[in-house]
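What follows is the residue order along each chain.
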Protein chains: 2
Amino acid sequence: MRATLMYGPGDVRVETVADPKLHEPTDAIVRVVQACVCGSDLHPYHSMDATTDGVPMGHEFIGVIEETGTEVSSLANGTLVIGTFSFQDNTCVFCRDGFQTACVNGGFFGSHDVPGAQAEYVRVPFAEGSLVPVPDVSELSDLIPSLLTLSDVYLTGYHGAHMGRVEKGTTVTVIGDGAVGLSAVLASRELGAEQIILMGRHTDRTDLGKEFGATDIVAERGDEGVAKVMDLTDGEGSHVVIEAVGHMPAYEQAYGVIRPGGIISRVGVPQYEKAPVGFGSIFGKNAAVTGGPAPVRAYIDDAIPLVLEGKINPGRVFDQSVALDQVADAYTKMDSREALKVLVKP
Amino acid sequence: MRATLMYGPGDVRVETVADPKLHEPTDAIVRVVQACVCGSDLHPYHSMDATTDGVPMGHEFIGVIEETGTEVSSLANGTLVIGTFSFQDNTCVFCRDGFQTACVNGGFFGSHDVPGAQAEYVRVPFAEGSLVPVPDVSELSDLIPSLLTLSDVYLTGYHGAHMGRVEKGTTVTVIGDGAVGLSAVLASRELGAEQIILMGRHTDRTDLGKEFGATDIVAERGDEGVAKVMDLTDGEGSHVVIEAVGHMPAYEQAYGVIRPGGIISRVGVPQYEKAPVGFGSIFGKNAAVTGGPAPVRAYIDDAIPLVLEGKINPGRVFDQSVALDQVADAYTKMDSREALKVLVKP
């Protein structure tokens, strides 16, 4: 089959590799209908160490069950399924807590053991925990892109809002106008936020942010951006900040605008290990820092009907699509901000 | 009057200073009945820059209203009052949120403008927001020490448990067997925690911790301490960690034992600004960091009846007392761990 591998910064190749096979009786093989490139894929695209083996890429996918192991009883061949970006048994103690990305048997796609989904087929461990059927939808449906966002991007934005405890009346500041940031705007609106300030400088993106529910756009960054948000919140700051970037300047903006007692919810994978958390940043104002890899499995059952009923249309974050063999173009365009998020159709 | 000033590390003096006077119509002058030394007073005792002026010390007190400004209508002279360790108007937007330590007009005792409470008298700004009457109690009552803990130490421990969302069934690990840590144990029991693991190595203190509700004591520190807590929690980690120390090794233990999706609640004033918050410490397991200076004003009305009815006895953290002129001894003994917490009786 054809599959995507990254060999070093800027070096993405589609190659012919062996078709995946069942390894465990709980596995399934899925034929990928649509996959996509994630903002987090751009981190290794910038800074990974070059490798001769290549790293299999892609962790967001919607597809059709092709084959299942002997212990998979609830997923019939031919069923359309959404894959969660992490795999998990969905039965362990942490899965039962609703933190499936911490599953004791789980892990992430994109290794040589569990390769990526920017490919024709993908082997899915713990198929019953990691694949969610959407039985009444055709793989040709216009709803496929929105359903695909439930694999990661929309529900990662939702996780940011959920962990920030966004509710009716909340003021939310979303830092980052990438697909996760825009998803966080949409999710905050769904949860009843009263004011949603989107910090971003790409007007095509912030325009979509407004359609998703942003009430204010702040294009400024750093101290200027902080001052603007403080102005917009009567000098009080934001109850919740959803940090959807992962770089230190975004975190600094977050604690700059957080209201006393507020919650900074991070869903951009931090590209730093240490950050300010002392009296002068968060402790003095009793602000909290939360967030992490989204347990999309905890949210997906509630989100699917919203997409099927047309109540949310998170698939609008896809502004371009490529065939699998052109996936390198998708990386180039997302990296240059020429594309917001690119669908990949094997 | 006599008052306590700190001039440099280890240099605490009681001196005769001018009696405090009303500055603002919202002020009150309180005659101090009992004050005490706080674990946080030991931070400058170790590391402050020497000064020729001296820093007025003390922020925990119970006393009697001596005189009030013209805008103070609800506090009659002669009323026994508990002072909150921060002063606040208790009416601003953040006070109404329940985060009075972020009051837009508030601040902390212990400056030349608003001197300290390890003194015969103390001027209290925003008296109606900062003093809570206990009208039916005599200043000679045996309950005074427990009521005094509502000025700071017990309700700081309570804040840790509250911000950590301790509830029925929660597993809590409390790091630090100082008076705040022991208070956090007692508060966690009050909130219904099922398992309370106290990390500390002073058996006289951890013995009191057991009486306050600790179910397990871990004397080990660092990796060994983390391993012990993981063993005690079936390898799952602790839902809540209350960090009642403020030094980096305590924070490192906190993220070492936190369960996925858990909350690290800090009430020890951090003696660091930057700390690990990336994928390897808290982000990867969706753990949160919360806490800050306790808004004791938000909790004190509910806590007073518990003390008056004998349901909690947080005053047991006081194991010694000194006259005001001997306050330097109190610092020495608390610093050497010879005393847990020392009452100061002017």
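A quick note: this is a predicted structure, and the numbers were derived from the prediction, not measured. (Residues numbered from 1 in each chain as written. Chains lettered and ligands numbered in written order. Predicted model: local features only at pLDDT ≥ 70, side-chain atom pairs only at ≥ 80, totals over all residues. Heavy atoms only, no water.)

Novice: Describe the domain arrangement of chain A, with residues and values.
Specialist: All names here are of chain A. When the domains of chain A are assigned, the result is domain 1 (2-152 + 295-345) and domain 2 (157-291). For domain 1 and domain 2, the distance between their C-alpha centroids amounts to 27 Å. With 15 residues of domain 1 at the contact, the number on the domain 2 side is 21 residues. Summed over both partners, the interface of domain 1 with domain 2 comes to about 1400 Å²; 64% of that surface belongs to carbon and sulfur atoms. (Domains from an automatic or database assignment. Contact = heavy atoms within 4.5 Å. Buried area = accessible area lost by both parts, 1.4 Å probe.)

Novice: Account for the nonpolar core, with residues named and values stated.
Specialist: If you look at the biggest cluster of nonpolar residues, it comprises 51 residues, and the most contacted ones within it are Leu147, Leu150 and Leu155 of chain A. If one sorts the elements of this core by residue count, helix α6 (residues 179-190) of chain A sits on top with seven residues. Of the domains in this structure, domain 1 (2-152 + 295-345) and domain 2 (157-291) of chain A are the two that each give at least three residues to this core. Residues Val137, Ala214, Ile242 and Phe318 of chain B belong to the second largest nonpolar core, which totals 50 residues. (Core = buried A, V, L, I, M, F, W, Y, C linked by side-chain atoms within 4.5 Å. Buried < 20%, exposed > 50% of the residue type's maximum accessible area, 1.4 Å probe, protein only. Helix = DSSP H or I, 4+ residues; strand = E, 2+ residues; numbered from the N terminus.)

Novice: Tell me about helix α11 (residues 327-335) of chain B, and please be specific about residues and values.
Specialist: Residues and elements named next belong to chain B. Taken together, the buried positions of α11 are Val327, Ala330, Tyr331 and Met334. Take α11 and look down its axis: the buried residues cluster within an arc of 100°, on one side only. Where the residues of α11 are buried, they touch β1 (2-8), β2 (11-16), α1 (42-47), β18 (320-323) and β19 (342-345). Arg337, located one to two residues past α11, shows a positive phi value of around 65°. (Arc of directions from axis to C-beta.)

Novice: Please give an account of the interface of chain B and chain A that cites residues and values.
Specialist: Taken together, the contact pairs 40 residues of chain B with 40 residues of chain A. On the chain B side of the contact with chain A, Glu273, Phe283 and Asn286 of chain B bury the most area, a combined 21% of that side's loss. Along the contact surface separating chain B from chain A lie 22 residue pairs in polar contact (both at pLDDT 80 or more). At the level of secondary structure, the elements contributing two or more residues to the side of chain B that touches chain A comprise α2 (93-97), α5 (153-163), β15 (258-266), β16 (274-276) and β17 (288-291) of chain B. A per-class count over the side of chain B that touches chain A returns 21 nonpolar, 12 polar and seven charged. (Polar contact = N/O pair within 3.5 Å; in protein donor to acceptor, adjacent residues only side chain to side chain. Nonpolar A, V, L, I, M, F, W, Y, C, P; charged D, E, K, R; others polar.)

Novice: Before we move on, can you summarise the side chain of Gln118 of chain B with the specific residues and values?
Specialist: All names here are of chain B. Looking at the secondary structure, you find Gln118 in the loop between β8 (107-108) and β9 (121-124). Polar contacts involving the side chain of Gln118 include one to the main-chain carbonyl oxygen of Cys36, which spans 3.0 Å. Engagement of the side chain of Gln118 in a polar contact is seen with the side chain of Tyr331, the distance being 2.8 Å. The contacts of Gln118, once residues within four sequence positions are left out, are Ala3, Thr4, Ala35, Cys36, Val37, Asp41, Met57, Gly58, Leu324, Val327 and Tyr331.

Novice: Help me get a handle on the sheet that holds β2 of chain B, residues and values and all.
Specialist: Residues and elements named next belong to chain B. Taken in spatial order, the three strands of this open sheet run β2-β1-β4, and their pairing is antiparallel. Each end of this open sheet is capped by a strand with a single partner; those strands are β2 and β4 (55-56). Where β1 and β4 come together, two bridges link them in antiparallel fashion. Following the sheet pairing, Met6 is matched in β4 by Val55. Contacts between α11 and the sheet are confined to β1 and β2, with β2 contributing the most and set at about 165° to the helix. (Pairing = 2+ DSSP bridges. Axes fitted to C-alpha atoms, helices over the stretch in contact; angles between N-to-C directions.)

Novice: An account of helix α8 (residues 222-232) of chain A is needed here, citing residue identities and associated values.
Specialist: All names here are of chain A. Gly225, Val226 and Val229 are the residues of α8 that are buried. Around the axis of α8, the buried residues are gathered within 100° of arc, so they sit on the same side. Opposite the buried face of α8, at more than 90 degrees from it, the exposed residues are Asp223, Glu224 and Asp231. Residues of α8 that are buried in the fold lie against β11 (171-175), β12 (195-199), β13 (216-218) and α9 (248-257). Just downstream of α8, Asp234 is the residue with a positive phi angle, here 55°.

Novice: So what about the sheet that holds strand β2 (residues 11-16) of chain A? Which residues, and what values?
Specialist: Residues and elements named next belong to chain A. What the three strands build is an open sheet, ordered β2-β1-β4; its pairing is antiparallel. Single-partner strands in this sheet number two, and they are β2 and β4 (55-56). Here helix α11 (residues 327-335) sits on the sheet in contact with β1 (2-8) and β2, set at roughly 160° to β2.

Novice: So, the packing of aromatic side chains: which residues are in play, and what are the values?
Specialist: The final tally for this structure, using the stated rule, is 16 aromatic pairs over all chains. Ring centres of Phe61 of chain B and Phe109 of chain B lie 5.6 Å apart, and the angle between their planes is 80°; on these two criteria the pair is classed as edge-to-face. Linking Phe61 of chain B in strand β5 (residues 61-68) with Phe109 of chain B in the loop between β8 and β9, this pair joins segments that are 48 residues apart in sequence. Both residues of the pair, Phe61 of chain B and Phe109 of chain B, count as buried. Aromatic ring contacts, followed pair by pair, group Phe61, Phe87 and Phe109 of chain A into a single cluster. Positioned over the ring face of Tyr7 of chain A is Arg13 of chain A, at 3.7 Å from the centre of the ring. (Phe/Tyr/Trp six-rings, centres within 6.5 Å; stacked < 30°, edge-to-face > 60°. Lys NZ or Arg CZ within 6 Å of the ring centre and 35° of its normal.)

Novice: I'd like a rundown of the pairing of β2 of chain B, residues and numbers included.
Specialist: Residue and element names in this part refer to chain B. One ladder, built from six bridges, connects β1 with β2; its direction is antiparallel. Following the sheet pairing, Arg2 is matched in β2 by Thr16. Taken together, β1 and the strand that follows it, β2, pair antiparallel across an intervening segment of two residues, in which Gly10 is found at a positive phi of about 75°.

Novice: How would you explain the UniProt feature "domain: Alcohol dehydrogenase-like C-terminal" (unreviewed entry) in chain A if you had to name every residue and give the values?
Specialist: As recorded in UniProt, the sites labelled "domain: Alcohol dehydrogenase-like C-terminal" (unreviewed entry) are residues 179-292 of chain A. For residues 179-292 of chain A, the helix share is 38%, the strand share is 26%, and the end-to-end C-alpha distance is 17 Å. (UniProt positions renumbered as here; feature names shortened; annotations may be inferred.)

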